[in-house]
Amino acid sequence: MDCRVMCVVLLSFLVCAYAEHVKYVDCGSQEGKVLDVDIHPCPQQPCQLHKGQSYTVNVTFRSDVGSQTSKAVVHGVIAGVPIPFPIPIEDGCKCGIQCPIQENKVYSYVNQLPVKNEYPAFKLVVEWELRDDLSKDLFCIKFPVQIVN
Ligand SMILES: *[C@@H]1O[C@H](CO)[C@@H](O)[C@H](O)[C@H]1NC(C)=O
């Protein structure tokens, strides 16, 4: 193979390995539109989350409204039951979003998902909402994960 071709192949592999586009379900983004969801690292889907590690979640969305604030609410859904999943920073305005949020602008919300050692090794669905001033969802996404030892 030509060296330059090799380079391009390697580079595109590196870019792909860096951010994984995750298959997600929109669970009712009332005030925005989700454009992309990346989780890193997540080489295979559903994402395998190792206990004691932290994962970067990057949700790119367009807001349909203006909002001074944004607050993230995360649940782990196990057998259909949503259980609150604490994240270190709830304030979306401290997670890559420049507030106030403006109508029709695209934002990337970037936060960490810490996986505690006491979590059970389980398959579950993560439900991640970002709420605006009126507590309506700028986005609501769901994606399956597997917690592993
Ligand atoms: C988040 O994802 C968007 C769209 O894929 C990308 O442009 C942006 O650089 C990512 N941000 C981070 C911090 O990874």
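Scroll up for the structure.
Here we summarise the structure given alongside this text. Because the structure is predicted, anything quoted here is derived from the model rather than measured. (Residues numbered from 1 in each chain as written. Predicted model: local features only at pLDDT ≥ 70, side-chain atom pairs only at ≥ 80, totals over all residues. Heavy atoms only, no water.)

Describing the overall build of the chain
Point 1. Scanning the chain from terminus to terminus reveals one helix and 10 strands.
Point 2. Traced from its N-terminal end to its C-terminal end, the chain shows the element sequence α-β-β-β-β-β-β-β-β-β-β.
Point 3. Counting over 149 residues, the chain shows a buried share of 37%.
Point 4. Residue pairs in contact within the chain that sit at least 24 positions apart in sequence constitute 65% of those at least 6 positions apart.
Point 5. For the chain, the accessible area works out to roughly 8,400 Å², and carbon and sulfur atoms hold 58% of it. (Helix = DSSP H or I, 4+ residues; strand = E, 2+ residues; numbered from the N terminus. Buried < 20%, exposed > 50% of the residue type's maximum accessible area, 1.4 Å probe, protein only. Contact = heavy atoms within 4.5 Å. Areas by Shrake-Rupley, 256 points an atom, 1.4 Å probe, with all protein chains shown as cover.)

Let's talk about the nonpolar core
Point 1. Counting residues in hydrophobic clusters, the biggest one holds 34 residues, and the most contacted among them are Y109, W128 and F139.
Point 2. Take this core: its biggest share by element is six residues, from strand β10 (residues 137–148). (Core = buried A, V, L, I, M, F, W, Y, C linked by side-chain atoms within 4.5 Å.)

Describing the pattern of salt bridges
Point 1. Scanning all chains against the criterion turns up four salt bridges.
Point 2. Note that D64 is salt-bridged to R62, the shortest N-O span being 3.2 Å.
Point 3. Between R131 and E129 there is a salt bridge, with its nearest N and O atoms 3.1 Å apart.
Point 4. The exposure class assigned to R131 is partly exposed, which follows from its relative accessible area of 26%.
Point 5. For E129, a relative accessible area of 7% translates into the label buried.
Point 6. Overlapping salt bridges bring together E129, R131 and D137 as one network. (Salt bridge = Lys/Arg side-chain N within 4 Å of Asp/Glu carboxyl O.)

Re the sheet that holds strand β3 (residues 32–40)
Point 1. Judged by pairing direction, the sheet is antiparallel, and its four strands sit side by side in the order β1-β3-β5-β8 without closing on themselves. Strands with a single pairing partner mark the edges of an open sheet, and in this sheet they are β1 (20–21) and β8 (106–114).
Point 2. Note that β1 and β3 share two bridges and pair antiparallel. Directly across from E20, in β3, lies its bridge partner I39. (Pairing = 2+ DSSP bridges.)

A closer look at the state of the cysteines
Point 1. Counted by the stated rule, this structure contains three disulfides.
Point 2. Bridging C27 to C140, the disulfide has an S-S length of 2.1 Å. Disulfide C27 to C140: torsion about the S-S bond roughly -100°, handedness left-handed. In this pair, C27 is assigned in the loop between β2 (25–26) and β3 and C140 in strand β10, connecting sequence segments 113 residues apart. (Disulfide = S-S within 2.5 Å.)

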